[in-house]
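Take a look at the letters that make up each chain.
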Amino acid sequence: MPSRISDVFRAHPVHLHQKQYLDFNSVKELPESYAWAKFNNDYPSSVASSKEESVPVIDLHHPNALTVMGHACRTWGVFQVINHGVPEDILHQSLREGKNLFSLPMQQKLKAARSPGGISGYGVARIAPFFEKLMWSEGFTIVGSPLEHAQQLWPHDYTGFCDVIREYKKEMKKLAGRLMWLVLGSLGISKEDLKWAGPRGDFSGAAAALQLNSYPACPDPDRAMGLGVHTDSTLLTILLQNNTSGLQVLKEGSGWINVPPIPGALVINLGDMLQILSNGLYQSVPHRAVVNRTQQRLSIAYLYGPPDSVLISPIPKLVGPACPPIYRSVTWTEYLQRKAKYFNRGLSSVRIHATKNGLQDVNDKIV
Ligand SMILES: O=C(O)CCC(=O)C(=O)O
Ligand SMILES: [Fe+2]
């Protein structure tokens, strides 16, 4: 069982899959192009963790929330939050809209297909080219207004979807700003230390995308993979999952740990930009999604990053002679381009003390 991150994150060669849209519901047997098991040991049934460890659950109303969050960020890079202030109604409505979307006939979904080189729309996971086998999932990405794609999906009835998505994004933006100050506060960082958070410190210029994911029931779940291991390129990601398990995080020394759905809770992942900002004190968490035989799993990821063109570098307060900056400054736009090219070596590609070839494996992460 690989329990070290370095054992799992191999350099994935790039695979140019024929663009494949599988109508998952019509498939009775796992197609060979989706069977991961024979090709490496990074498939679900080979790597279940035997340890009884669980991702911290943080009550945002608790007076100790900041301290507990600091510990969770240092040791896990992921936690769940409850009492987060987002109305349960809007969580349910968003999942329902996601379910409706993925239930549409394939030819309808393809009307809103992500164009080559495009960002928004329906399609396979963006990280697919870095894996040899295809993933048992479909996705829908929303950047900016959902209107154009919603009109393609539901020409006569798109306002319901748009209203819910707009409301959801508004709630997520508010929560993400709050979480940022808790995470940064746990490092001793205050509003004066981060000018790009804006004059009110509300991260008004922050950039974000919404990623809806569907993992259909799978005829051979032990040999399939919903979403391959990756870290998010974000500052942080707020993830809503329906009542079906599937998300797993990789914990150094422990292996894959399930992140079970808790009704009303949201999962928070730290991303690569926060690792840069915190000079490696807080690390982005490798995660993946596995599938099951009987139930469709849905998730909605709010991918939250800094304003596109702001140069992000380790916060000056966190560097000094004893801990020099590990990363050079980089905008989110540049970082996303690097991630699209180098994938799991994205962070290493902006390290200041890089190896001779300019790159290090992502897992030479600072511990
Ligand atoms: O579906 C999940 O639980 C994970 C989704 C995810 O990691 C992503 O969209 O980046
Ligand atoms: Fe992710």
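Scoring rules and cut-offs
Residues numbered from 1 in each chain as written. Chains lettered and ligands numbered in written order. Predicted model: local features only at pLDDT ≥ 70, side-chain atom pairs only at ≥ 80, totals over all residues. Heavy atoms only, no water. UniProt positions renumbered as here; feature names shortened; annotations may be inferred. Pairing = 2+ DSSP bridges. Helix = DSSP H or I, 4+ residues; strand = E, 2+ residues; numbered from the N terminus. Axes fitted to C-alpha atoms, helices over the stretch in contact; angles between N-to-C directions. Near = heavy atom within 4 Å. Polar contact = N/O pair within 3.5 Å; in protein donor to acceptor, adjacent residues only side chain to side chain. Areas by Shrake-Rupley, 256 points an atom, 1.4 Å probe, with all protein chains shown as cover. Nonpolar A, V, L, I, M, F, W, Y, C, P; charged D, E, K, R; others polar. Core = buried A, V, L, I, M, F, W, Y, C linked by side-chain atoms within 4.5 Å. Buried < 20%, exposed > 50% of the residue type's maximum accessible area, 1.4 Å probe, protein only. Contact = heavy atoms within 4.5 Å. Donors = N, O, S within 2.8 Å, 3.2 Å for Na, K, Ca; no water. Arc of directions from axis to C-beta. Salt bridge = Lys/Arg side-chain N within 4 Å of Asp/Glu carboxyl O. Parallel < 35°, antiparallel > 145°, perpendicular 65-115°, else oblique. pLDDT = per-residue confidence, 0-100.

For the protein chain, the name recorded in an unreviewed UniProt entry is gibberellin 3beta-dioxygenase, with Punica granatum as its organism. For the record of the protein chain, the UniProt heading Cofactor (unreviewed entry) holds the text "L-ascorbate".

Trainee: I tried to follow the sheet that holds strand S8 (residues 247–251) on my own but got confused; where do I start?
Mentor: Two strands in a sheet stick together by hydrogen bonds in their backbones, pointing the same way (parallel) or opposite ways (antiparallel). Across the sheet, which stays open at both edges, the four strands sit in the order S6-S11-S8-S9 with antiparallel pairing between neighbours. Edge positions in the open sheet fall to strand S6 (227–230) and strand S9 (255–258), since each of these has one partner strand only. Here the strands of the sheet are splayed against their neighbours by 25° on average, with no regard to which way each runs. Across two bridges, S6 lies against strand S11 (residues 287–289) in antiparallel orientation. Considered in S11, the bridge of Leu227 is made with Ala289.

Trainee: It is not clear to me how the site of ligand 1 should be interpreted in this structure. Could you clarify?
Mentor: In the vicinity of ligand 1, the residues found are Gln211, Asn213, Tyr215, Leu227, His230, Asp232, Leu239, Leu247, His287, Arg297, Ser299 and Ala301. Asn213 is positioned with one of its side-chain polar atoms (N or O) 3.1 Å from an oxygen atom of ligand 1. Here an oxygen atom of ligand 1 sits 2.8 Å away from a polar atom, N or O, in the side chain of Arg297. Notes on ligand 1: free accessible area 300 Å², of which the protein chains cover 94%. Those elements that provide at least two residues to the shell around ligand 1 are strand S5 (207–215), S6 and strand S12 (297–305). Its residues placed into classes, the shell around ligand 1 shows five nonpolar, five polar and two charged.

Trainee: Looking at this model, I keep getting lost on the nonpolar core. Mind explaining?
Mentor: Nonpolar side chains tend toward joint burial in soluble globular proteins. Counting 73 residues, the largest nonpolar core has Phe140, Phe203, Ile238, Leu266 and Leu277 as the members making the most contacts within it. If you tally residues by element for this core, the top one is helix H6 (residues 159–185), at 14 residues. Leaving out residues up to four positions away in the same chain, Ile238 has contacts with Met172, Leu175, Ala176, Leu179, Leu266, Val267, Ile268, Ile300, Ala301 and Tyr302. Judged by nonpolar contacts, the second largest core, of 23 residues, contains Ala35, Ile127, Phe130 and Tyr215.

Trainee: Whenever I open this one, the coordination of the iron ion (ligand 2) confuses me. Can you help?
Mentor: Where a metal carries four tetrahedral donors, each ideal angle is 109.5 degrees; where it carries six octahedral donors, the ideal angles are 90 or 180 degrees. Protein-derived coordination of the iron ion (ligand 2) comes from His230 (NE2), Asp232 (OD) and His287 (NE2), at a distance range of 2.1 to 2.2 Å. Sequence spacing among the residues donating to the iron ion (ligand 2) works out to H-x1-D-x54-H.

Trainee: What should I look at first to understand helix H8 (residues 332–342) in this one?
Mentor: Side chains that are three or four residues apart share a direction in an α-helix, a result of its 3.6 residues per turn. Every buried residue of H8 is accounted for by Trp332, Tyr335, Arg338 and Lys339. The arc that holds the buried residues of H8, viewed along the axis, is 120°, so those residues lie on one side. When the buried face of H8 is taken as reference, the exposed residues oriented beyond 90 degrees from it are Gln337, Ala340 and Lys341. Looking at the buried positions of H8, the neighbouring elements they touch are S5, helix H7 (272–277) and S12. Phe343 sits one or two residues past H8 and shows a positive phi near 50°.

Trainee: How should the UniProt feature "domain: Fe2OG dioxygenase" (unreviewed entry) in the protein chain be read in this particular structure?
Mentor: When the UniProt feature table is mapped onto this chain numbering, "domain: Fe2OG dioxygenase" (unreviewed entry) sits at residues 205–306. The span residues 205–306 is 6% helix and 44% strand, and its two end C-alpha atoms sit 7 Å from each other.

Trainee: Please clarify how the pattern of salt bridges should be interpreted in this entry.
Mentor: Any two side chains of opposite charge can pair, on the condition that their charged atoms come close. Counting across every chain of the model gives eleven salt bridges. The partner of Arg223 in a salt bridge is Asp220, with the nearest N and O atoms 2.9 Å apart. Overall, the relative accessible area of 23% leaves Asp220 in the partly exposed class. One salt bridge connects Glu334 with Arg328, and the closest N-O pair in it is separated by 2.8 Å. Residues joined by salt bridges that share partners form a network here, namely Arg328, Glu334 and Arg338.

Trainee: Is there a simple way to think about the pairing of strand S4 (residues 138–142) in this case?
Mentor: Side-chain positions along a regular strand alternate between the two faces of the sheet. Counting buried positions over the five residues of S4 gives five, a clear majority of the element. Neither face of S4 is exposed, since Glu138, Phe140 and Ile142 on one face and Gly139 and Thr141 on the opposite face are all buried. Sheet analysis places strand S3 (residues 121–123) next to S4, joined by three bridges and oriented antiparallel. Each bridged residue has a counterpart across the sheet, and for Gly121 the counterpart in S4 is Thr141. Pairing of S4 with S5, which is carried by five bridges, proceeds in the antiparallel orientation.

Trainee: Would you take a moment to explain the packing of helix H2 (residues 65–75) against H6 for this structure?
Mentor: For any two helices packed against each other, the geometry is given by the interaxial angle and the distance between the axes. Running from amino to carboxyl end, H2 crosses H6 at an angle of 80°, the nearest separation of the two axes being 8 Å. Judged by the inter-axis angle, H2 sits roughly perpendicular to H6. Each of Leu66, Met69 and Cys73 in H2 lies in contact with H6, whose residues at this interface are Leu179, Leu182, Val183 and Gly185. Grouping the amino acids of the contact of H2 with H6 by side-chain chemistry returns six nonpolar, one polar and no charged.

Trainee: How do you make sense of the confidence of the model for the protein chain when you look at a structure like this?
Mentor: Parts of the model with low pLDDT should not have their predicted coordinates read in detail. Chain-level statistics for the protein chain give a pLDDT mean of 90 and a share of 87% at 70 or above. Low pLDDT (under 50) marks residues 354–367, which in the prediction has 33 contacts with non-local residues, meaning those over four places away or in another chain. For this predicted complex, the interface confidence reaches an ipTM of 0.99, while the overall pTM sits at 0.92.

Trainee: Sorry if this is basic, but what is going on with the sheet that holds strand S7 (residues 236–241) here?
Mentor: As summarised here, the arrangement of the eight strands in space is S1-S2-S10-S7-S12-S5-S4-S3, forming an open sheet in which the pairing is mixed. Of all strands in the sheet, those bounded by a partner on one side alone are strand S1 (57–59) and S3. Strand after strand, the sheet turns through a mean of 25° between neighbouring axes, direction not considered. Contacts from H2 reach S1, strand S2 (78–82) and strand S10 (266–270), with the element oriented near 160° to S1.

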